[in-house]
Amino acid sequence: MLAYSLFLCQTSTRLGVVTLDLLFSVRLPKLVVFISRDSPGERFRRSIPCAFILVLPVVCRCWGVPLLCLSAVAGEVRFNRDIRPILSDHCYQCHGFDDAERKAGLRLDERIAATSRLPSGHAAIVPGSAAESALVRRIRDVSAEQLMPPPHVNKPLSAEQVSLLATWIDQGAYYEKHWSLVPPQKPRPPSVANASWPSNEIDQFILARLEDSNLESSVAANRATLLRRLSFDLTGLPPTAEELDAFVNDSRPDYYERAVNRLLSSPRYGEHRARYWLDAARYGDTHGMARDDERSLWPYRDWVIRAFNDNMPFDDFTIRQLAGDLLPKGSLSDLVATGFVRCNVSTAEGGSIDEELVVNYAKDRVETMATVWMGLTLGCAACHDHKYDPLSQKEYYQLAAFFSGLREEPMNGNALAPDPVVAVLSPDQAQQLADLTTQRTEIQNEYARHVASSQVEDFNRWLAKSASEYVRDHKPDWKESPWYESRSFKQRNNTAIYFDEEFSPEESVDLQGESQGWQERKAMPEQGILVRDDNVAKFYYREWTGSLPTTRTLHLKSNESTWKPVRWKVWLNGRLVYFKQFRQFDVPFEVDIPLSSQAGTNTLLVKASHFGGPLRATIFLEPLEEVADRERETLEAIAAASRHVASPPQHVAALDYYSRHVWSHGKEFSAANARIEESRYKLEAIIPVSMICREMEQPRETYLLQRGLYDKPLERVDREVPLILPPFDGPRDRLGLAQWLVDGRHPLTARVAVNRIWAQFFGVGLVQTSEDFGSQGEWPSHPELLDWLACDFQENDWNVKRLIRKIVTSATYRQSSRGRSELLTADPQNRLLARGPRFRLDAEVIRDQALFLGGLLVEEQGGRGVKPPQPGGLWQAVSQPNSTTARFVADKGTAARRRSIYTFWKRTAPPAILQTFDAPTRESCIVRRERTNTPLQALALMNDEQFFAAAKGIAQRIIEHDVLTDEARLEWAFRLVTARDISPSELNQLTAQLQRARTYYRAHPGEAEELTGTQNAEEAAWVLLANTLLNLSEVITKE
Amino acid sequence: MSELSHITRRRFCSSLGGMLGTLAWRDLQAGDVAFKGNTLPARAKRVIFLFMAGGPSQLDLFDHKPKLTKLHGEELPPSIRQGQRLTTMTSGQSSLPIAASPYRFQRHGQTGTFVSELLPHLSEVVDDLAVIKTVHTEAINHDPAMTYIQTGHEQPGRPSAGAWVHYGLGSETQNLPAFIVLHSRWSGSLNPQPIFARLWGSGFLPSRYQGVSMRSQGDPVLYLSNPRGISPAARRLMLDGVNSLNRTHLEDVADPAIAARIAQYEMAYRMQTSVPQLTQTGNEPASVMKMYGPEANEPGSFAANCLLARRMVERGVRFVQIFHRGWDQHGNLDKDLRLQCGDIDQASAALIADLKQRGLLDDTLVVWGGEFGRTTYSQGDLNSPGYGRDHHPRCFTMWMAGGGVKPGITHGETDPFCYNIAEGGIHVHDLNATILHCLGIDHEQLTYRYQGRDFRLTDVHGRVVQELLA
């Protein structure tokens, strides 16, 4: 409350109400006591702040001053809390760390410099004597030309700020290192007067501050409200009626902890937690720039969800995302985690300059890393030394250099998954693959059994009875067609997993018809094929006939060093016998494919698909003459064996041929093996991929860039961390960087992480500016609590669920959120937490809840982004027509009704319903969402297709519910949407509302029919009632 | 503040006591004017920005370079190019031959401003325009260049100009969004460059300041129409129930956000009437429809959007942004440029004339232009009819009209090759600074604290171009 008086003083000064200013700075502390104790003089005194409140909101919005100022006026002035914010905001621009911008040689961010004698002969600060300090003279009692800060910069100091600076100097002008750069020490939780209230340490810190401010905590929220709050906070969904009943009636002493445990172990927990992280990670399902084509990175999204559900410690979580590819024993999952680094927007816009893109991507990555883990606004140092924090421009590029080794092409080629990527099997696919391996082992074992039991015997019998006949009837007499080449089949898009669109030749080859456009190839593909067109598939076809079964080799090769992905498929006699996806780093490539040629006609179909630019390759089919020469020898060997005159090699050759092409068990084995191989290829062809990190052997060189411009490199810089942070002694790569962030000495990482999690529960962080822990950031509302939580988090192995359990089991969290009149003035933003948190639910929760209440939500986990319906034309309005995301086609069925975390995120036109409720675009890192209240939100809640479907779903549930009276139905429905029991007044209102709706629809049966498909006014009335319920403020608010 | 006419302050204040009422008031106010730094006299109250996405060819439309005819086909002298960077689309081209404009230019109006034959209607209103031949930018590709001119930064993440203006000046209407974006059909390239929601986004400003895309098909504003079976009367009935229960809850839990929400529901309800009134142009007199041309009857055409823009500013919309895509003539310059000009010529001229005849031009600022210009040399073989021009950031033409801008002037000169600026260069930051100035906003004072820094539309740059001001 002391702070409040300061705030009013600042406010009034700006308004020029100087006399009141003086009055308040003296009297308000007392006034607070009057208000909270309700003493006789109250009415008179209360009227004074009321008058101020009328102007207060406008002013505080204008100047960005938080409603609750977190400093003190009386007593000792503390540099970090009281002085640094003033110097930073009003002085450092010209008298700070950035020596390029420094004026008059004066530097105020360091005590030695600030107290030294200046060229003018004065000292800005004379410790112990404000009167002698030039600084004090220049901020008061001087002409406009002399006044600091200069009036034109529009950052005048308030009288209170002036007096604080003077007091500070009088008290010795002691500096402190910026609080967030001093490693946290775990403080002892303070003792409190009301010792029975705290449930855990959090409450001691909160209550101590409340007691200091003469504020009382609130009563505990009722159980129903509490379970609803807890369910939203831990899972993003409301509780069911059954869960409510169980919770409300649970008489066990640990009923609350049990509910917490149940919710923490729900798979919904990870889906909800991941949502916040994906804003910070700037995750999206498109590349975000220029054509904004789809990108395949969703396995990373699923990784984040799983990591939260598995309660991965935050240090591991950090290391894997920043450097999973560099871990010595990194798994597939660790590779997928590095998708974090690749989440930045990228482009393939024609005309772009590679060097510029490399710089842009590196900037995005380093700034995101700095915001997410350190709460540092590093971006300020891209063009010049940081104005407010001691971060030099050189340090910016040294830190960026950690990201200089990524092996990626600057232009993303509009590919679905620009390299480097990794194939990621779903559990289902992994099972299928395992099954195929098992099957293969089984048939191999079976074949081995046959070999052991009867191979030699059968061979000898064949040699004796049929071999000479076989040699007589089978000759290497093959004849073959020329090669044919199909027309180019334009792939409509590359949004299928890779570019695997199927075309008619795969069904059946029609050499005569026009649609496939077959042409005889004059030059053999052995001499090379060239597919000129962009993003097409081309087919090559050949057939041959002969009486002798054999094996013929197909050889595919490309020497071209291209970054374009290429995909090959080969069918022999209608069966897929080869599949391979080559990516940009696999080329040049070369592969031999053995083809089992049968007696009679053989057909060979080769498909080459590629993306981007021309493809050059050769398709080399072993010449028949060579096959004939080889098999002539085999036939001779068989003949010799049948006459018992074979040499040992001839005998082996004869047995081998017999086993493959004659022996029934051998042929069965080949056929079974081919079937399994085909299944495996088909599976491989649809296995999704995810963008990951890979390091180049030689990283790109990083330069300090003049004004941040890519084409103005100055000196070359090496990987290094900023001087103000702990020393770096690990390997100089991303892994070393990640380990350095979480090695326990870092002053920022844990504080920033716990602060962000705290904000998820209380709506605002202990440091309100979650993204800025620097001098321009806000002083924490509870510095000791923040440090305690940070230390506790680190000491307990960065255990996220433990931290969250600590928060939600605190008495602070469990308070009622009901507003109290004294709090409306003393702490309107609830920073002191004299009541529980109350704020509008986030976009995803609002949508998910509606589907859930309407009985529509489909809880299926993971997979490619889904497209719930949205108003038409939103993608088209912004897209280039040939983009893979030019046209929005809504998913049907269950895919349309999944949780919003799975909604496909096109970054140049984000999901409309989510954006309406303040979801960011995901183009850049966001660690704090805005929370607004707009008419467009009202329209969405009233009219959006899915919200209205949810209302119909609720109406249906009401009607089907096994109670019959209106009253019972309304009570049930109200509890469904709010979790609490309806009050008599509310029941009256709803009953009247229902009656009005009935009357209306009885009078308008046509509208009832439009609404429900029947003229039944009863059903229509319930739909309107459900629509009413879903639009209640309480329903979209965490109470 | 005006948003509140239906929910009176008294109603807030009466039931809850002064504190809560006032705080609710604050919550709503925050939705309106957040910034009070406009100390300058405002000449313009609102802006209509006609954005030609893709980069119109300045030397085929406004920047007349008669001397190039003689040099047609000759190599661009290195002394002019000065080795500065080209896009990779022509940096590999072995020759950069000068392509003189094939179009006839004539002087028009009292002021004798040169305009190409492709823009016959605009030629008739040149006396109202300030033609600026020397706008320049650093970005050489569409995505960064559009993002730059619209948000003051080449990378995504900053608020758009319209969002800044909305934030700075608030809303003048209680029935419509303050910042509206319209998308137009185009006739040129079938595969034009994309645009991005960030071009009208709010960046780090609260999202209430973002532009509302008004659509020509379906609901003009997202989710505006009631579902089937919900008539306006039923909607009113439902809203009364919602409001009544919300008020009950407000009294119970004393959360000012509830009061604000009640007001927003009322505004939503009003929009359900006011937006269709806005978009139904059937009652416009025939004379007006004739001005805008026959396409004005086709929703989604540039002409229909210009007409809508006028109706919007009449109703107090602060910032209207019309996008017209397809100006990226790397090839087929002649064919496509004619089509593009055909889309916009008559309607933009009509917009100026229509605003003027209603007295609205005095306090409405109209801005026309794209993200950069096009090269004087050809992209592709100059002898084939399919040649075009590459991106050119070093000088391009925009025009402004009304709202505090000096009419009938031509500002700046480019060199005879239309390659470099000879005098009077106006950077895109200067342009934005000048637009804000016309609106009474000092671009250095319009700031928002984010990540510890006070951000501006003009970053740390920008100069108000006094020469353009009336």
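This one's a predicted model, so the numbers in the text were calculated from it and none came from an experiment.

1. What about the interface of chain A and chain B?
Counting residues at the interface gives 98 residues for chain A, matched by 92 residues for chain B. Roughly 8100 Å² is buried in total at the junction of chain A and chain B, and carbon and sulfur atoms are behind 56% of that figure. Linking chain A with chain B are five salt bridges, by the criterion used here. For B:D252, the salt bridge goes to A:R818, with nearest N and O atoms at 2.9 Å. Residue contributions to the side of chain A that touches chain B peak at nine residues, all from helix α39 (residues 984-1003) of chain A. A class-by-class count of the residues in the side of chain A that touches chain B yields 43 nonpolar, 33 polar and 22 charged.

2. Describing the sheet that holds strand β6 (residues 529-531) of chain A
All names here are of chain A. An order of β6-β13-β8-β11 is seen for the four strands of this open sheet, with the pairing classed as antiparallel. If you trace the sheet from one side to the other, it starts and ends with β6 and β11 (589-597), each paired once. The mean angle between the axes of side-by-side strands here comes to 25°, regardless of whether they run parallel or antiparallel. As defined by bridge partners, strand β8 (residues 550-558) adjoins β11 across nine bridges and the pair is classed as antiparallel. By the bridge assignment for β11, R552 is matched with L595.

3. With respect to helix α10 (residues 201-212) of chain A
Residues and elements named next belong to chain A. Taking 1.5 Å of rise per residue, the 12 residues of α10 would be expected to cover 16 Å, and the 17 Å separating its terminal C-alpha atoms lies within 8% of that figure. Those residues of α10 that fall on the buried side of the exposure criterion are I202, D203, F205, I206, L207, A208 and L210. The positive-phi residue at the C-terminal boundary of α10 is N214, with phi of around 55°.

4. Quick word on the packing of aromatic side chains
Within this structure, the stated rule accounts for 58 aromatic pairs over all chains. Note on B:W164 and B:F204: the rings are 6.4 Å apart at their centroids and 80° apart in plane angle, and the pair reads as edge-to-face. Here the residue B:W164 occupies a position in helix α7 (residues 161-169), and B:F204 occupies one in the loop between β5 (179-184) and β6 (212-214), the gap between them amounting to 40 residues. Take B:F204: its relative accessible area is 7%, and that puts it in the buried class. Taken together through their ring pairs, the aromatic side chains of A:W277, A:Y283, A:Y300, A:W303, A:F308, A:F314, A:F317, A:F340, A:W373, A:F793 and A:W798 make up a single cluster. The ring of A:Y813 carries the charged tip of A:R229 above its face, separated from the ring centre by 5.7 Å. The ring of A:W905 is capped by A:R922, whose NZ or CZ atom sits 4.0 Å from the centre of that ring.

Definitions and cut-offs
- Throughout, residues of each chain are indexed from 1 in the direction in which the sequence is written.
- By the order in which they are written, chains take letters starting at A while ligands take numbers starting at 1.
- For this predicted model, a pLDDT threshold of at least 70 governs which residues receive local features, and a threshold of 80 or more governs which side-chain atom pairs are given and counted, while totals over whole chains, interfaces and linings are taken from all residues.
- The side-chain quantities take in all heavy atoms of the structure and omit both hydrogens and water.
- Residues count as neighbours in contact if any of their non-hydrogen atoms are within 4.5 Å of one another.
- Accessible-area loss on putting two parts together, using a 1.4 Å probe and summing over both, is the definition of buried area adopted here.
- By salt bridge we mean one thing: a side-chain nitrogen of Lys or Arg within 4 Å of a carboxyl oxygen of Asp or Glu.
- Helix numbers and strand numbers start at the N terminus; a helix is a DSSP run of H or I with at least 4 residues, a strand a run of E with at least 2.
- Three residue categories are used. Nonpolar comprises Ala, Val, Leu, Ile, Met, Phe, Trp, Tyr, Cys and Pro, charged comprises Asp, Glu, Lys and Arg, and polar comprises the others, including Gly.
- Pairing between two strands requires that DSSP report at least two bridges joining them.
- Geometry is summarised by axes, namely lines fitted to C-alpha atoms with helices restricted to the contacting stretch, and by angles between N-to-C directions that run from 0 to 180 degrees.
- Each residue after the first adds 1.5 Å to the expected span of a helix.
- Each residue's exposure class comes from its accessible area (1.4 Å probe, protein chains only) as a fraction of the maximum for that residue type: buried when under 20%, exposed when over 50%, partly exposed otherwise.
- Two rings from Phe, Tyr or Trp (for Trp, the six-membered ring) form a pair when their centres are within 6.5 Å of each other. A pair whose planes differ by under 30 degrees is stacked, one over 60 is edge-to-face, and the rest are tilted.
- Here, a charge over a ring means that NZ of Lys or CZ of Arg falls within 6 Å of the ring centre while also lying within 35 degrees of the ring normal.

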